[in-house]
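Next come the chains, spelled out residue by residue.
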Amino acid sequence: MYPVLLEVQGFQIPTYGFVYLVGFVIGLWMVGPIAREEGFCPHRIRRLGIECIIVARIGSVFIAALVSRTGTSIGQLARYTGAFSWALLVGMLFVWVYTRYHRLPHYKVLDCFSLPLVLGQAIGRIGCVTAGCCYGTVTTSSVGVTFRNPLSHKISGVPLNVKLHPVQLYECGAAIITFAFLSWLNKRYKGHWRDGQRFSVMLGAVSVSRLLLDVFRYDHGRTLLWGVMSLPQLVAFALLMLSIVLWCSIQKRYAGALRLKSEWQADQAIGWPDHE
């Protein structure tokens, strides 16, 4: 493909980095109006997004280095051991710490990042195609892609002149579908969402797509656990369970709040004094 977007007097601008930056900027731009609608200062939430991206990226690479048993470099570890899933986990933890420290509503802040995160993932996967990283398994399908640029092989180790599953485009398409679905849900049920539900739906959808599409990823240095699933799939399964637990806890908390409200209204209706 095209791993280098532009080269001027020996200075190269990698296509992947440029596309990643575009996705990052678009995501930050999207966060502003969403944060304002949720009652936050847009600049504050955007600043949190920048800090979260930096921490999540660094954290995901270090976690990947710890769990990997291969002798690959840090750059390869970030590509081949489910860095997006690790980054999502680290980012969620960072937002939790940040909101606790600044006394912000944790779930509502997470909701602000749901749509921008999915769109950024879709754009980022286009960058993966241009660089040749996160490549798929060998296929004879008509949808297969062939990499011929030696620089792509040098960067990611992608096989040259072999037809591979364009798993990066599969994941890009899945992210676009998830983005469209979440956008429709936001409009359809606007005003009826509880804090955190939009993020839990996004988390579940992203996890399911990773579970299903990872079978097309080339298992470069990754171990199949129990001969069934790869480590990224295991992390995706854990995130899926987390999204279900998150949804159920939100529903339970909301039901409890409704019950207390009903009891208070009943007390007021019969003229009982307020409980101290």
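Parameters and conventions
Residues numbered from 1 in each chain as written. Predicted model: local features only at pLDDT ≥ 70, side-chain atom pairs only at ≥ 80, totals over all residues. Heavy atoms only, no water. Helix = DSSP H or I, 4+ residues; strand = E, 2+ residues; numbered from the N terminus. Buried < 20%, exposed > 50% of the residue type's maximum accessible area, 1.4 Å probe, protein only. Contact = heavy atoms within 4.5 Å. Areas by Shrake-Rupley, 256 points an atom, 1.4 Å probe, with all protein chains shown as cover. pLDDT = per-residue confidence, 0-100. Core = buried A, V, L, I, M, F, W, Y, C linked by side-chain atoms within 4.5 Å. Salt bridge = Lys/Arg side-chain N within 4 Å of Asp/Glu carboxyl O.

Caption draft 1: Highlighting the overall build of the protein chain. Tallying secondary structure elements over the protein chain gives 10 helices and six strands in all. Counting over 276 residues, the protein chain shows a buried share of 42%. For the protein chain, the share of sequence-separated contacts (at least 6 apart) that also reach a separation of at least 24 residues comes to 67%. Carbon and sulfur atoms form 66% of the exposed surface of the protein chain, whose accessible area is close to 15,500 Å².

Caption draft 2: Seen up close, the side chain of Asn-186. With respect to the element layout, Asn-186 can be found in helix 8 (residues 167–188). Among all residues touching Asn-186, those that are not within four sequence positions of it are Leu-115, Trp-193 and Arg-198.

Caption draft 3: Fine view of the confidence of the model for the protein chain. Overall, the predicted model of the protein chain reaches an average pLDDT of 82, with 82% of residues at or above 70. Mean pLDDT per element in the protein chain: helix 3 (residues 74–80) is the minimum at 49, and helix 8 is the maximum at 93. Contacts of residues 77–82 to residues separated by more than four positions or lying in other chains number 25 contacts, the stretch itself having pLDDT below 50.

Caption draft 4: How the structure looks around the environment of Ser-209. Along the chain, Ser-209 turns up in helix 9 (residues 197–213). Residue class for Ser-209 comes out partly exposed when judged on its relative accessible area of 21%.

Caption draft 5: Seen up close, unusual backbone geometry. The phi torsion at Cys-134 lies on the positive side, around 55°, for a residue other than glycine. Taking relative accessible area as the criterion, Cys-134 reaches 8% and is therefore assigned buried. Although it is not a glycine, Asn-161 adopts a positive phi angle of roughly 60°. Along the chain, Asn-161 falls in the loop between helix 7 (150–156) and strand 4 (163–164). On the basis of relative accessibility, which here comes to 56%, the residue Asn-161 falls in the exposed class.

Caption draft 6: Spotlight on the nonpolar core. Phe-40, Ile-45, Val-109 and Phe-199 are the most contacted members of the largest nonpolar core, which has 32 residues in total. At the level of secondary structure, the elements contributing two or more residues to this core comprise helix 1 (15–37), helix 2 (42–67), helix 4 (83–102), helix 5 (106–112), helix 6 (114–131), helix 8, helix 9 and helix 10 (231–269). Excluding residues within four positions of it along the chain, Phe-199 makes contact with Met-92, Leu-110, Asp-111, Ser-114 and Leu-246.

Caption draft 7: Molecular detail of the pattern of salt bridges. Counting across every chain of the model gives six salt bridges. Glu-37 is the partner of Lys-190 in a salt bridge, and the nearest nitrogen-oxygen pair spans 3.6 Å. Taken together, the residues Lys-190 in the loop between helix 8 and helix 9 and Glu-37 in helix 1 connect sequence positions 153 residues apart. On the accessibility criterion, Lys-190 (57% relative accessible area) is exposed.

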